[in-house]
Amino acid sequence: MSSSALKLVLLASSCAFACFASPARCEQLSFGQVERGRYLAAAGDCEACHTAPGGKPFAGGRAIPTPFGTIYSANITPDRKTGIGTWSDDQFYRALHQGIAADGSYLYPAFPYPWYTKVTREDSDALHAFLSSLEPASKSLPPNDLIWPLNDRFVMRGWNELFFRAGTFKPDDQKSPEWNRGAYLVEGLGHCGACHTPTNVLGSAEKQSALRGGKLQDWYAPNLTADVRSGLGQWSIDEIVTFLKTGRNDRTVAYGPMSEVITFSTSKLNDDDLKAMATYLKDIPAATEDNKVAEPDPKAMAAGGALYVDNCSGCHQAEGQGVPAMFPRLQGSSAVQDRDPTTIIRLILNGAHAATTDARPTQVSMPAFDWKLSDQQIADLATYVRNAWGNSATQVAASQVGELRRSTPQELSGR
C-alpha cells in the first residue's frame, strides 16, 4: 500500500471513530477538512502544549509555568466530560477569537488567544474538525496554581479590556500574497510573538517591541527582527527555512523551547509556508536603538578565552566557527549576542538536547558544565564568546549565573 493510500485509510478511520463518538458531529466532518485541520494543528503547535510528559497527545495536563503560578493545559480531545467533545464550531471559534470557553469562563493567555484571534473562521472550523476526529481521552486536570486574584478567571475580563483586541487577520494590499501568508502564520497560529516579544508586569506583550526577543521560563527567545547582531539581519530566507524545517543550519542549532517548536510544529509545515514565514520575518525592521556596548573587562576576556580553549574549542572550533548542522557557530551568532544573556548562560550551565526532525534525526547534545565551572568561570566564558571573533555584547556577571543555577533544572549531566 502506498503512503498516500495508507494516509487516506488512517484519516477515514479517524473520521469514522468521530462519527461513532458523536453522530451529530459526523455530519460536519470531511476528509479534506480534517486533513487541513491536522496541518493547522501543527502550525499552531497544539500537540506540544496540550500533551503532558508521557501522556496521550492532546489530552492536556502539561504544567505551564508563568510568573504568576502554574497553569495546566486543557484536554482538547473530543471527550465529552473532560475535553471539548460538546463544543460547537461557534464555541470553538469564540475560544480562539475572544478567549472565552464554551461555558462562558475566561481563558488565560497561556492559551495564546491574543494571537489565535487572527485565525479565520474557515481555519478554526478545520482545526475543530481535526480535534473532533481524535480518539476521546478522559483526563481530569489538576487545578491551576495561581496567585490571588488571578486564580479567579473573571479577572481576565479586566485584563482583556486593557490589553486584548479581537480581530481576524486582514491582508495588507501593499504586500505580496507570500508576505501576507507569512504574516498570517507568524502573527496568528504560529503565535511567535508569544515567546519572542517582551511582556509587561501583567504578562501582556509589549506591542511596540514586537518580536525583539523575550524572557520565557528561564530562557531568552531571541530577536527576530532585522537587527544585524542579535536578530536575523544577516540570515538569508533559505537559512531561516532550513532552520525551521530541520532545527539546524550553518549558523545555529535549536535548543530549549525552540527545539520542541521545531519538532512538533515548523518541521511539519510545507516549504511554501516556511518560505512565506521567512519572507515576513525578513521584512521586520530592526529597532533604532543604539547597539553599541561597553568593552568587557580584559581580565574576564583572558580568563574566558582560556576556559573556551579547554572546554569548548573541541566542538565549536578555535575561532568559534563550529561544525555546520552539528555544533553551532558562535562567531557572529545572533543568539550568542542577544541583549539578554540568559540562554547562553543556561546552555553552558545546564546543557541541552537539540531538536530532532525527520531531516535531521540524529540528536546533538550540549553537555552541562555546572558540576565543573564556578559562577564566575561561567560568567567569564559567556563574556568571552559574546565578545570574541568580532562579536559584541554586554558582559555577564557571576550573579546572573548564580541566579540561573538556583532556578533552573539540569538538562544533561556532565558527570
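Residues numbered from 1 in each chain as written. Predicted model: local features only at pLDDT ≥ 70, side-chain atom pairs only at ≥ 80, totals over all residues. Heavy atoms only, no water.

**Q** Would you take a moment to explain the sheet that holds strand S2 (residues 69-72) for this structure?
**A** Adjacent strands of a sheet pair through backbone hydrogen bonds, lying either parallel or antiparallel. Taken together, the 3 strands give an open sheet; going across it, the order is S1-S2-S3, and neighbouring strands pair in antiparallel fashion. Two strands close off the open sheet at either side, each with one partner strand: strand S1 (63-66) and strand S3 (145-146). Note: S1 against S2, 4 bridges, orientation antiparallel. Residue pairing in the sheet places Ile-64 in a bridge with Ile-71 of S2. (Pairing = 2+ DSSP bridges. Helix = DSSP H or I, 4+ residues; strand = E, 2+ residues; numbered from the N terminus.)

**Q** Help me understand the state of the cysteines in this model?
**A** Covalently bonding the sulfur atom of one cysteine to the sulfur atom of another cysteine gives a disulfide. Across all of its chains, the model carries 0 disulfides by this definition. Cys-312 takes part in no disulfide bond, and the closest cysteine sulfur to it belongs to Cys-315, at a distance of 8.6 Å. Residue classification places Cys-315 among the partly exposed residues on the basis of a relative accessible area of 35%. (Disulfide = S-S within 2.5 Å. Buried < 20%, exposed > 50% of the residue type's maximum accessible area, 1.4 Å probe, protein only.)

**Q** Looking at this structure, I do not really get the pattern of salt bridges. What am I missing?
**A** A side chain with one charge may pair with a side chain of the opposite charge, provided their charged atoms come close. Overall, the coordinates contain 11 salt bridges when judged by the stated rule. Note that Glu-35 is salt-bridged to Arg-38, the shortest N-O span being 3.2 Å. Within this pair, Glu-35 and its partner Arg-38 are both found in helix H3 (residues 31-43), separated by 3 residues, close to a single helical turn. Judged by its relative accessible area of 23%, Glu-35 falls in the partly exposed class. Owing to a relative accessible area of 34%, Arg-38 belongs among the partly exposed residues under this scheme. With a shortest N-O distance of 2.6 Å, Asp-90 and Arg-121 are connected by a salt bridge. In this pair, Asp-90 is assigned in helix H5 (residues 89-98) and Arg-121 in helix H7 (residues 121-133), connecting sequence segments 31 residues apart. By relative accessible area, which is 32% here, Arg-121 ends up partly exposed. (Salt bridge = Lys/Arg side-chain N within 4 Å of Asp/Glu carboxyl O.)

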